[in-house]
Amino acid sequence: MPRITVDENLCKGCGMCVIACPRKIIALSKERISPKGYHPAELTDESLCTGCCSCATMCPDVAITVER
Ligand code: SF4
Ligand code: SF4
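None of the values given here were measured: they were computed from a predicted structure. (Residues numbered from 1 in each chain as written. Chains lettered and ligands numbered in written order. Predicted model: local features only at pLDDT ≥ 70, side-chain atom pairs only at ≥ 80, totals over all residues.)

Notes on the overall build of the protein
The secondary structure content of the protein amounts to 2 helices and 4 strands. Starting at the N terminus and ending at the C terminus, the protein contains elements arranged as β-α-β-β-α-β. Over its C-alpha atoms the protein spans a radius of gyration of 11 Å, differing by no more than 12% from the 11 Å that the globule rule assigns to 68 residues. Considering the protein as a whole, with its 68 residues, one finds that 19% of them fall into the buried category. Nonlocal contacts in the protein, meaning residues at least 24 apart in sequence, comprise 63% of its contacts between residues at least 6 apart. (Helix = DSSP H or I, 4+ residues; strand = E, 2+ residues; numbered from the N terminus. Rg over C-alpha atoms; globule rule 2.2 N^0.38 Å. Buried ≥ 20, exposed ≤ 12 C-beta atoms within 10 Å, placed from the backbone. Contact = placed C-beta atoms within 7 Å.)

Quick word on the pairing of strand β1 (residues 3–6)
By the alternation rule, side chains of β1 split into I4 and V6, which are all buried, and R3 and T5, of which none is buried. Inspection of the sheet shows β1 paired to strand β4 (residues 64–67) by 4 bridges, in the antiparallel sense. If you follow V6 over to β4, its bridge partner there is I64. (Pairing = 2+ DSSP bridges.)

Focus: the environment of K36
Note that K36 resides in the loop between β2 (26–28) and β3 (41–43). Look at K36 and you get exposed, because 12 C-beta atoms sit within 10 Å. Between the C-alpha atom of K36 and that of T65, which follows or precedes it by 29 residues, the distance is 19 Å.

This is the structure in structure tokens:
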């Protein structure tokens, strides 16, 4: 199963990855606040991830790593 990591030190909560994911399994966290003061992106259901890398490609801050 692909493994997605969001570096919360880089994420600025812009939501681009939320739009980019074809499986709609990325959301901005409602509870967590990143060290920079943003709501970071997180996966809602990793089991549905195809490892397509759209999220990582779209992220302007290179905060997402996809391991396949
Ligand atoms: S790799 Fe693809 S399916 Fe998985 S979270 Fe990113 S955009 Fe969504
Ligand atoms: S696109 Fe990158 S910076 Fe924007 S919310 Fe997603 S992980 Fe964070």
